Amino acid sequence: MIEPIHSLAFSMQANRGVYAVLFGSGLSRSARIPTGWEITLDLVRRLAAVGGEECGVDPSAWYRDKFHKEPDYSELLDALAKTPAERQQLLRQYWEPTEQEKEEGAKQPTPAHRAIADLVAKGFVRVIVTTNFDRLMELALLDVGVTPTVLSSSDHVHGAMPLIHTQCCVFKVHGDYLDTRIRNTPEELSGYPAEFDTLLDRIFDEFGLIVCGWSADWDEALRRAIFRAPSRRFATYWAVRGEPSDAARQLIEHRGAQVVSITDADSFFSTVHRQVEALAEFARPHPLSTAAAVAALKRYMSEPRYRIQHADLVEGEVEHVLSEIGLDKFPVQGGPPPDAAQFNHRVKAYEAAMTTLVAMAVEAGRWADDGHQEVWVRALQKLAAGRAQGGGYTLWAALERFPATLLLFALGVPALESGRYFFVQRLLSAIIERENRENKLAVHLLPPYCLLQDDSAKLLEGKERHRAPLSEWLCEWLASYLEQRYANAKAYVLAFDRFELVSALAYGANTNPSEHFGYWAPLGGFGYRYSNREQITSSLRSQLAKDGGNSPLVTSNLFGITADECGKQLDALEAFIQKLQWW
């Protein structure tokens, strides 16, 4: 039987970004950070000492006898330190290490904090809910280059960006130690502000849950939030030392959670981190296998007698990709509506499956002759053909063609740069057969803006505010394969823009203006990279002026069958861009 911790690792790796982590004081225990109640009791001792009294072994009993009420954190702070600056200095000692404590490794992020931070940096975790007042989680995140959105009060939550637009959200439901509004008494923990409840309802409904270091005994408001969650679309894993408390057991039963027996939080999260990384690495083709495939491709393209082997190699890799991205693994029908986490998971899974084929395609774009090109055109057609039958989510059906878009650019950018205009024309004009729908040319389906409209493409992590999000994503992702071929990064982006601009020209040349109530073409990064666009269009016009009808731009019928027609397409594209003032 699969161990729960292994099941968790598999689920996190396969569902990148859909798990939230909920942890309590157990995570900071090894850092020697006191709990909120422990601090309150220490403040009681200080108050007793100020009055020359001894509170004994039970400070809370002394406080009740003295003041006839339960110890109150805020009242104690006010009694011991009158100004905000004084209160801040008083509190720092509980959470900020002295020089000696630093030497001892105390009050520093623990291995558990650092494991979670690395999972965040790599996209496996997006949301962290904690009852802790300390800032160890934030420090661990900063150490791996992640600046989290930290929410610890109602006004923070009210003004926060949506969760899908943050790389990481740390929700401190009991507050932050430098804010006197922290919650620790039973009365304070019995209810949250409405803004907190609304956000917790979203988190517990939309995300899977990993719970560790939280007993559930004292936090009535947090327990209620978990009980309110109607959905179990993603699993809950509850890490415990020994037996869970009665309060925790009720929540475990409610969520149908899997209990994970652990020795401590550090070893638990370190193990999860290690296993998720191992699975992520396993999911990618081994670099040696990719290198071997590229070496074989070069050898097969070097001599005509290897054309059969070349075809077998390419077609075999296409079949491998199709098996990795099939409907059995990525259905377009059923399940919850697509969200940002699921969308990014599919995008990255498709990219991982395409690693070897893209590395091969980059070489083919540079060197494939007429006899080899047809194999790659068929590969493009096969990847672009929709496999979904009937209905389903429109976003998932559109994203099915994303691997074909990757292949088009991996072939097209180096092919155009190498002067293989006929190859580029064959790729863009390839007929894509679609089940029960009108067949279309590749240039009508595969450019980024044709594949996904901006509203959908802005679901991409880090591209929420970009004007051409999928275009920018492609440019950055392909850089690791193509950038080394150019003098510098700027030269690579120019080559990418050149191919995307030529694709837009080809779209316009192969489209009746009446379809869009006038001229229209799919724009990309070249739309707002003005200097690149000017350099590319000027170069194309110079080439047409110099060679006229003998220009390979014309003889390949890339975007016109005469020099005059090509020039008119350039005019139309430039006029179209000028009309779109936001570009």
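See above for the structure.
Here is what the cut-offs are and how they apply
Residues numbered from 1 in each chain as written. Predicted model: local features only at pLDDT ≥ 70, side-chain atom pairs only at ≥ 80, totals over all residues. Heavy atoms only, no water. Helix = DSSP H or I, 4+ residues; strand = E, 2+ residues; numbered from the N terminus. Buried < 20%, exposed > 50% of the residue type's maximum accessible area, 1.4 Å probe, protein only. Contact = heavy atoms within 4.5 Å. Areas by Shrake-Rupley, 256 points an atom, 1.4 Å probe, with all protein chains shown as cover. Lys, Arg positive; Asp, Glu negative; His and termini not counted. Charge placed at Lys NZ, Arg CZ, Asp CG, Glu CD. Core = buried A, V, L, I, M, F, W, Y, C linked by side-chain atoms within 4.5 Å. Disulfide = S-S within 2.5 Å. Pairing = 2+ DSSP bridges.

Here the focus is the overall build of the protein chain. The number of helices and strands found in the protein chain is 29 helices and nine strands. Dimensions of the protein chain, computed from C-alpha atoms along their principal axes, come out at roughly 100 × 55 × 50 Å. Expressed as a percentage of the 583 residues in the protein chain, the buried residues total 54%. The long-range fraction of contacts in the protein chain, counting pairs at least 24 apart against all pairs at least 6 apart in sequence, stands at 71%. With an accessible surface of roughly 25900 Å², the protein chain has 51% of that area assigned to carbon and sulfur atoms. In the protein chain, the 61 positive side-chain charges and the 75 negative ones have mean positions that sit 4 Å from each other.

Before going further, it helps to examine the nonpolar core. One finds Trp376 and Leu407 to be the most contacted residues of the largest nonpolar core, which totals 101 residues. Broken down by element, this core gets its largest block of residues, eleven residues, from helix H20 (residues 402–417). Discounting residues that sit within four places of it in the chain, leucine 407 has contacts with Met354, Leu357, Ala361, Trp376, Ala379, Leu380 and Leu383. Counting residues in each nonpolar core, the second largest holds 39 residues, with Ala115, Val260, Val276 and Ala280 among its members.

So, about helix H11 (residues 220–228). The set of residues buried in H11 consists of Ala221, Leu222, Arg223, Ala225 and Ile226. In this fold, the buried residues of H11 make contact with strand E1 (19–23), helix H10 (194–206) and helix H12 (246–255).

Right, let's get into the state of the cysteines. A full pass over the atoms with the stated rule returns zero disulfides. Distance from the sulfur of cysteine 475, which forms no disulfide, to the nearest cysteine sulfur (cysteine 450) is 18 Å.

Next up on the list: the pairing of strand E7 (residues 258–261). Bridge count for strand E6 (residues 236–240) against E7 is four bridges, and the pairing is parallel. Note on E7: the bridge partner recorded for tyrosine 237 is glutamine 258.

Summarising the element assignment, proline 522 is placed in the loop between helix H26 (489–509) and helix H27 (530–547). What proline 522 contacts, discounting residues up to four positions off in sequence, is Pro447, Tyr449, Cys450, Ala504 and Tyr507.

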